[in-house]
Amino acid sequence: MATASAVYNDMIETENESLRERVSDLEKKALDQGDEIVCLRSTLADVLRRLTLLENAVNSRGGVSPCSTGNVTPVRNGGFRGALNNHISQLKEGLGGSRLRQPIYHQSSVDSNNSIKESPQRNSCVPTALPQRRGVHYQSTGSLHSDSPSSNSVSPVPTSPSPTHTPPPRVSPAPRQSQPPTPTRTTNSNLHFAKRWSSTGDFNNSPHNGGSMGSRLSTKSLLNLNLRVQSPHNMLKHGTRDATYNEEEGTLRMFLRGRPIVLYAPSTIAENYDITKVTTPPQSKLKLDWVYGYRGRDCRSNLYLLPTGEMVYFVAAVVVLYNVEEQSQRHYLGHTDDIKCIAVHPNKLLVATGQCAGHDRRESRVSFFQPHIRIWDSVTLNTVAILGAGDFERSICCISFSKADGGQMLCAVDEANDHNISVWDWQKGERGQRITETKCSVDTVVAAEFHPLDRNCIVTCGKSHISFWTLDAGGTLYKRMGVFENRDKPKYVTCIAFNHLGDVITGDSNGSLIVWGRGTNTVTKLIRGVHDGPVFSVCALKEGSIVTGGGKDRKIKQLDSHLNATGLETQIPEHVGGIRIISEGRGSQLLVGTTKNCVLVGSLSMGFSTALTGHMEELWGLAVHPNLPQFITAGYDRTLNLWDSMSHSLVWSKDLSEPAQSVAFSPDGSVVIVGCTTGHWFALDTQTREVFTTHTDGAEPIQVVKFSPDGQFLALGSRDNNVYIYQCGGDSRKYNRVGRCMTERKRKRSSSLTSFLGHSSFITHMDWSADSQILRSNSGDYEVLYWNAGLCRQVPQSASMRDVEWASNSCTLTFETIGIWPEGADGTDVNYCERANNRKLLATADDFGKVKLYSYPVTQPRSLCHSYGGHSSHVTAVTFLHDDARLISTGGKDTAVMQWAVV
């Protein structure tokens, strides 16, 4: 019997060791290969089944232990299944000892005054002997918005275990004496035992980040086979989620797109730095003060006068109410992305605006980031109703209130493939009620208007068509296409107006006006050659005359009620563009929006003056005057504009020969450097606006230009991966090239030859040291390099740069800007940052149209901020004015320049 027992013991012990090895292999595969989960789960089931059979066999033989060495002992912990569970638990603890342990969290809250309140710790069902650290409480980054209800979602802060804690020893079955002892794994490095690390991975157990589910996913266990494993792309380390801090070296390691970034902490904070602390948002906030720009390049019917004396229009995601006489602006900030259309209610108080789908991938499923219409009060700026959130597909290109019934209904056209037209009873509840919806046209629709006299009639027009719609009592829309008969059918019917008789007047791409009789779909009158080129706007004035605007000839003409020319006409200047819309103003005044994003005010008899100017194309260059409340902008539209922030006016504008990418003032403000997209750059005098020198460095865009604080050097960062240094002389009017910043590297170990290399990707940001000796640069592949400007050579010891005082902080990858990176940032989310001159604030510009304000320095991965919307495209730059009283931000494709007051 003893012999049989020994045989069974040997067989069972061999099988048990084989099973443990398979379990270990399965754990590694489960963590590394999420796509093999189904197979592994099946294999695991087979392992457990075989284990059960073995356990039953042992029990049937008298309950021998698989760990016995000849002596029969009772089986503990429920047989071999219990042994396997013990083994899994020990694996967890062993892995926990080799990695940073996950801390225990405390529930916390932040009150309205940003004071931190501690809540009682929840009872944990898992006891621990680890010492507990007092919990710090934080709010999710970027959830504080001063102009809208802020998010009060609170995430608890972890308490990290003592880094010197030793995990309990592994308890495993005793090996048979006939087997050699298991070798101990060794390593060539003793850093694991010598260095103390703390990590922002400790935050992963937070309920804000998934709660217990995050804890389970962070544990390497077979239990996780039942959970959904992320794809390899999503498993890349991003942002500060996996950041760790080395206390001995004073370095913080974070990841961008899986690439580790090592940043050196200044000596003053390195020793006492705690990565788990949370920086509160600044007491200062931003308030939108002024918006420069107007969207006329691709939007129509977007300029009207309100009874308050304000003209209403939109740019980016902001509706602007601008009083020209009082030089004041108010702003409606309810939208989250590009506004594409606007309509004024017959009572002249309510306004409806429609937007496109949100571009923020993180918020694409939120209703307010879907295409929708907002109806709001122009006096109080309060939202009255929100229509169509989740009902529209792409964006709303046309909207119109009904007029004959006092504005009870609203029609909208979705800019989808079928251009669906819908009619809404907008007053039914906060979300309104859709009466009907139907396909409008597969071709482009540019205008939709309710008839002013016929309650149930809607007219739409666009590419090669005009349609007359009738809404019956049952809520069904019937369409009649306009019949052009033998007349020249235009490529586009571009605009709609109604005369006092109720006839429809349309302008088209042929430069003609067509009159469609009331209640018919046929042409009653055709006037050819009104304009040379398309007619972009037709405005019927209250006194009965008609005013038309040409998009190509830039002429404004007046016709009488019978469409006969009165002889009154004018032509606007070429630099403001063609006519986009004409709207009736006060008295005989007209408001004119142009295709080059300008707004003019005046009359045919007295002429027109420019009320506001904006950029037309993508905007990247921004710089502030060092001594005056002025700033300069430059973009792809080949214009350079100098603005005065106090008078909110354009000081001067200069046409450039090529698109501009970057711009900078000299330290005394007398010279402006403009970097272009072709590698050219030039210097001009700010007083005379004359270009006095031109240079070329490479053939790629000059991404960033910066003078040294003492004005002796000029640095240019190019998209060709190089940083060029020039020495300045003669009051910044003479420039001699010092060289190109390079890194000296040996080609081969056995060779004495060297190669000189710079960044391996394009330059994104640069900063000068306060003594003008050192230059810091960031690149597109997330490198942080330091250069001796006089020698154009890299400073290889980055650790020696930890205590350098920097004149600015526009580099996004620095220890002082760690907290600006969201947990899931991929390196392109933050486009720009800038420090206030008083070193108390830091502003950032991101890819999601947000301007954020932090307390400086932002050295904690969890740093709270105030977040502000308004831009509808990526924000390309932010900077504080010389006195820190205002902040300027520029949008990319939205072409908007926004001025924020720091309050």
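Residues numbered from 1 in each chain as written. Predicted model: local features only at pLDDT ≥ 70, side-chain atom pairs only at ≥ 80, totals over all residues. Heavy atoms only, no water.

Colleague: Any chance you could break down the overall build of the chain for me, citing the residues and the numbers?
Modeller: The helix and strand inventory of the chain stands at six helices and 66 strands. The buried share of the chain, reckoned over its 903 residues, is 52%. For the chain, contacts bridging at least 24 residues in sequence account for 50% of all contacts bridging at least 6. For the chain, the exposed area adds up to about 40,200 Å²; of that, 48% sits on carbon and sulfur atoms. (Helix = DSSP H or I, 4+ residues; strand = E, 2+ residues; numbered from the N terminus. Buried < 20%, exposed > 50% of the residue type's maximum accessible area, 1.4 Å probe, protein only. Contact = heavy atoms within 4.5 Å. Areas by Shrake-Rupley, 256 points an atom, 1.4 Å probe, with all protein chains shown as cover.)

Colleague: Explain the environment of Tyr856 to me, and be specific about the residues and the numbers.
Modeller: Here Tyr856 shows up in the loop between strand S61 (851-855) and strand S62 (862-863). Accessibility expressed as a relative area gives 16% for Tyr856, which makes it buried. Linking Tyr856 and Lys840, residues 16 residues apart in sequence, is a C-alpha distance of 5.0 Å. Those residues in contact with Tyr856, other than ones at most four positions away along the chain, are Asn809, Glu816, Arg835, Arg839, Lys840, Leu841 and Leu842.

Colleague: Any details on the UniProt feature "repeat: WD" (unreviewed entry) in the chain? Residues and values, ideally.
Modeller: In the numbering adopted here, UniProt assigns the feature "repeat: WD" (unreviewed entry) to residues 612-653, 756-788 and 868-903. Segment residues 868-903 splits into 0% helix and 53% strand. End C-alpha atoms: 14 Å apart. (UniProt positions renumbered as here; feature names shortened; annotations may be inferred.)

Colleague: So what's going on with the sheet that holds strand S14 (residues 311-315)? Residues and values would help.
Modeller: Pairing within the open sheet is antiparallel, and its four strands lie in the order S13-S14-S15-S16. With one partner strand each, in any of the chains shown, strand S13 (304-305) and strand S16 (328-332) form the two edges of the open sheet. The sheet contact formed by strand S15 (residues 318-323) and S16 spans five bridges and is antiparallel. From the neighbouring strand, Asn323 faces S16, where its bridge partner is Ser328. (Pairing = 2+ DSSP bridges.)

Colleague: Any details on the pairing of strand S44 (residues 649-655)? Residues and values, ideally.
Modeller: Alignment of strand S43 (residues 639-644) against S44, held across six bridges, turns out to be antiparallel. Of the residues in S44, the one forming a bridge with Leu640 is Lys654. Taken together, S43 and the strand that follows it, S44, pair antiparallel across an intervening segment of four residues, in which His648 is found at a positive phi of about 55°.

Colleague: Please give an account of the packing of aromatic side chains that cites residues and values.
Modeller: Enumeration over the complete set of coordinates arrives at 17 aromatic pairs. An angle of 75° between the planes, with centres 5.7 Å apart, marks the rings of Tyr292 and Phe631 as edge-to-face. In this pair, Tyr292 is assigned in strand S12 (residues 286-292) and Phe631 in strand S42 (residues 630-635), connecting sequence segments 339 residues apart. Here Tyr292 and Phe631 have matching classes, each one buried. (Phe/Tyr/Trp six-rings, centres within 6.5 Å; stacked < 30°, edge-to-face > 60°.)

Colleague: Now, about the sheet that holds strand S29 (residues 493-498): what can you tell me, with residues and values included?
Modeller: The strand order S29-S30-S31-S32 describes an open sheet built from four strands, whose pairing is antiparallel. Every other strand in the sheet has two partners, leaving S29 and strand S32 (523-527) as the edge strands with one partner each. Going from strand to strand, the sheet's axes swing by 20° on average, the running direction of each strand aside. The sheet contact formed by strand S30 (residues 504-508) and strand S31 (residues 513-516) spans four bridges and is antiparallel. Residue pairing in the sheet places Thr506 in a bridge with Ile514 of S31. (Axes fitted to C-alpha atoms, helices over the stretch in contact; angles between N-to-C directions.)

Colleague: I'd love a proper account of the environment of Gln370, names of residues and values included.
Modeller: If you trace the backbone, Gln370 turns up in the loop between strand S18 (350-355) and strand S19 (373-377). Gln370 sits 24 residues away from Arg394 along the chain, and the two C-alpha atoms are 8.2 Å apart. At 2.9 Å, the side chain of Gln370 and the backbone nitrogen of Gly390 are in polar contact. (Polar contact = N/O pair within 3.5 Å; in protein donor to acceptor, adjacent residues only side chain to side chain.)

Colleague: I'd like to hear about the environment of Pro452, residue by residue, with values.
Modeller: Of note, Pro452 is situated in the loop between strand S25 (445-450) and strand S26 (457-462). The class for Pro452 is partly exposed, based on a relative accessible area of 25%. It is 5.4 Å that separates the C-alpha atoms of Pro452 and Ala404, two residues lying 48 residues apart in sequence. Beyond its immediate chain neighbours, meaning those up to four positions away, Pro452 contacts Lys403, Ala404 and Phe498.

Colleague: Describe in detail the confidence of the model for the chain, supporting the description with residues and values.
Modeller: On average, residues of the chain score 80 in pLDDT, and 72% of them reach the 70 mark or higher. Low pLDDT, under 50, characterises residues 62-84; the predicted model gives this stretch 41 contacts beyond four residues in sequence or across chains. (pLDDT = per-residue confidence, 0-100.)

Colleague: Would you mind going over the pattern of salt bridges in detail, with residue names and values included?
Modeller: Counted by the stated rule, this structure contains 20 salt bridges. Close ionic contact of Glu783 with Arg259 constitutes a salt bridge, the shortest N to O distance being 4.0 Å. Separated by 524 residues along the polypeptide, Glu783 in the loop between strand S56 (774-779) and strand S57 (784-788) and Arg259 in strand S10 (residues 259-264) bring together distant segments of the chain. Taking the relative accessible area as the measure of exposure, Glu783 reaches 13% and is therefore buried. Residue classification places Arg259 among the partly exposed residues on the basis of a relative accessible area of 33%. (Salt bridge = Lys/Arg side-chain N within 4 Å of Asp/Glu carboxyl O.)

Colleague: Mind laying out the side chain of Lys557, listing which residues take part and the relevant values?
Modeller: Position of Lys557 among the secondary structure elements: in strand S35 (residues 555-559). One buried charged side chain, Lys557, makes no salt bridge at all; its nearest oppositely charged neighbour is Glu569, positioned 4.3 Å away. One polar contact links the side chain of Lys557 to the main-chain carbonyl oxygen of Val530, over a distance of 2.7 Å. Beyond its immediate chain neighbours, meaning those up to four positions away, Lys557 contacts Val530, His531, Ile546, Val547, Thr548, Leu568 and Glu569. (Lys, Arg positive; Asp, Glu negative; His and termini not counted.)

Colleague: Outline the pairing of S35, supporting the account with residue identities and numerical values.
Modeller: Of all five residues in S35, four are buried, a share of seventy percent or more. By the bridge criterion, four bridges tie strand S34 (residues 546-550) to S35 in an arrangement that is antiparallel. If you follow Thr548 over to S35, its bridge partner there is Lys557. Here four bridges tie S35 to strand S36 (residues 565-571), and the two strands are oriented antiparallel to one another. Bridging from a neighbouring strand, Lys557 pairs with Glu569 of S36.

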